[in-house]
Amino acid sequence: MGTTFVLRLAGNGADGRGAVIMQAAICLAVGACWYLLLGVIGCRDRRQLGVGATEYKNLLTGSVILFGAVGIADLLIGAHLGREYAVAFPIGVIGLALTRWGWRNWLAATGKERRYLRRALVVGSRDDVRYVMRQIQASGSPAYNVIGAAVAELGDPYLREGEQRIPVLAGYANVAEAATAAEVDEVIVASQPHDGGEFVRNLSWSLEGCGADLVLASRLVDVAGPRVHFTPVQGLPLIHVEIPRFDGGKHVLKRFVDIIGASLALVMLSPVFVVVAALIQLDDHGPVFFRQTRVGKDGTQFRMVKFRSMVTDAEARLASLRTASDDGNGMLFKLKVDPRVTRVGRLLRKYSIDEFPQFWNILIGEMSLVGPRPPLPAEVAEYANPVHRRLYIKPGLTGLWQISGRSDLSWDESVRLDLYYVENWSLAGDLMILWRTVRVLLSPVGAY
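Reading the values: the criteria
Residues numbered from 1 in each chain as written. Predicted model: local features only at pLDDT ≥ 70, side-chain atom pairs only at ≥ 80, totals over all residues. Heavy atoms only, no water. Axes fitted to C-alpha atoms, helices over the stretch in contact; angles between N-to-C directions. Helix = DSSP H or I, 4+ residues; strand = E, 2+ residues; numbered from the N terminus. Parallel < 35°, antiparallel > 145°, perpendicular 65-115°, else oblique. Contact = heavy atoms within 4.5 Å. Nonpolar A, V, L, I, M, F, W, Y, C, P; charged D, E, K, R; others polar. Phe/Tyr/Trp six-rings, centres within 6.5 Å; stacked < 30°, edge-to-face > 60°. Buried < 20%, exposed > 50% of the residue type's maximum accessible area, 1.4 Å probe, protein only. Lys NZ or Arg CZ within 6 Å of the ring centre and 35° of its normal.

**Some remarks on the packing of helix H9 (residues 270–284) against helix H11 (residues 343–350)**
A pair of packed helices is captured by two measures, namely the crossing angle of their axes and the spacing between those axes.
Phase 1 of the analysis: Between H9 and H11, the least distance of the axes is 9 Å, while the angle of their chain directions is 150°. Comparing the axis directions of H9 and H11 gives the class roughly antiparallel. Along its contact with H9, which presents Val 276, Leu 279, Ile 280 and Asp 283, the element H11 presents Arg 343, Val 344 and Leu 348.
Phase 2 of the analysis: For the contact of H9 with H11, a count of residues per class yields 5 nonpolar, no polar and 2 charged.

As structure tokens, this is what we get:
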């Protein structure tokens, strides 16, 4: 709000000491309300810090509510707050978001050393505990440090998952004692014993006073938090899982963002297009663009355009390379060292510059900025029934597959990420993926 205060003084000129005090008081009041409102809606809740797009969504929601209220108050009482507060909104939101982003990066960096993470004790069968450990480690910035387990099958004093090994601290009968002794922050129930709800209820009672929160891990596969709602009915907690919709207002907004984003990208990248086209021509005098048939939403086919990164007879030489070592992810044919890739093409592929012409496909509505990877017709012909759900929305220039390893991913993992996106996409999630894509392009992984 300091920027707003300076702008107000510059705009009003020297109107006396009283005006300065009044402007300072208004700025301090709005700033205090902003701080308190962000706390009320949970922006500083430790359960959300460093976890997913919800953190940024709540930040934006609180800011919109505050400045909406300020605007209404200005109209009702005629306070003449001025346009400076309209400037404060984007500056403040961007500043807060960048601060959160910096803290998230710091948390991720220190997370590798397991400092400042919430200490967790996982309760359940050995297989379910391993599943929770695997999912926590697979997250981009883990929020938990699993320091021990409480299992039913006592015997091996350690539980192993990959390179991680944690001690078995207790059985089901003495979880609370182990949590207190280990000074954990969270007790995660990965699976329930035969007495189910009674066990969880008794465990919650026994954890009172020890400072640890109780967390129930859901095995609802690939269902994100925004689709899950809890409704208590006569003491019975019901879990509502929203059925995904593939049309409606959210998809209209997604299309609007695609048009704006693609238009801006084509204008801003036009000098890059000229340079890349010249480099491709100088390299082997062949065509600048490469067009390939891909499958889009609802199985419709379209011609995807890319900068050519291979020799002109690459398709004709494909059959002779099929017997070579395939470094791809199962159904996709990929070679880490493909002799068909040109010198310029290696550079284009490394930083995904060869994908830039796809902004045209986005502009005309064949693709989206974010979505599943655009498949080849041959791939679609081999899809099992669940995999066809990838075609329920438009393919994307980037997506979860792009920021999670690209060609280094297995086929099954690529499919899982695409299906997860299709079922759970949101505009806030798209913005997060676009931001992370920029980071991946600067530090490319799995691009060949």
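Additional details are given in the paragraphs that follow.
**Focus: unusual backbone geometry**
Phase 1 of the analysis: Residue Asp 298 is not a glycine yet carries a positive backbone phi of 60°.
Phase 2 of the analysis: With respect to the helices, strands and loops of the structure, Asp 298 is situated in the loop between strand E9 (289–295) and strand E10 (301–307).
Phase 3 of the analysis: A positive phi angle is found at Ser 352, which is not glycine, with a value near 60°.
Phase 4 of the analysis: In this fold, Ser 352 is placed in the loop between H11 and helix H12 (358–363).

**Structural notes on the packing of aromatic side chains**
One pair of aromatic rings is described through two measures. These are the centre distance and the angle between the planes.
Phase 1 of the analysis: On inspection of all chains with the given rule, the structure shows 4 aromatic pairs.
Phase 2 of the analysis: Ring geometry for Tyr 172 and Phe 199: centres 5.4 Å apart, planes at 55°, overall tilted. Residue Tyr 172 is located in the loop between strand E4 (164–170) and helix H6 (175–182), and its partner Phe 199 is located in helix H7 (residues 197–206); the two are separated by 27 residues in the primary sequence.
Phase 3 of the analysis: Note on Phe 199: relative accessible area 10%, which makes it buried.
Phase 4 of the analysis: For the ring pair Phe 273 and Phe 307, a centre distance of 5.3 Å and an interplane angle of 65° mean the geometry is edge-to-face. With Phe 273 in helix H9 and Phe 307 in strand E10, the pair connects residues that are 34 residues apart, well separated along the chain. For the pair shown, Phe 273 and Phe 307 are each scored as buried.
Phase 5 of the analysis: One aromatic cluster is present, formed by Phe 273, Phe 289 and Phe 307 through successive ring pairs.
Phase 6 of the analysis: Of note, Lys 250 hangs over the ring of Trp 425, and the distance from its end group to the ring centre comes to 5.2 Å.
Phase 7 of the analysis: A cation sits over an aromatic face here: Lys 254 above Trp 425, 4.8 Å from the ring centre.

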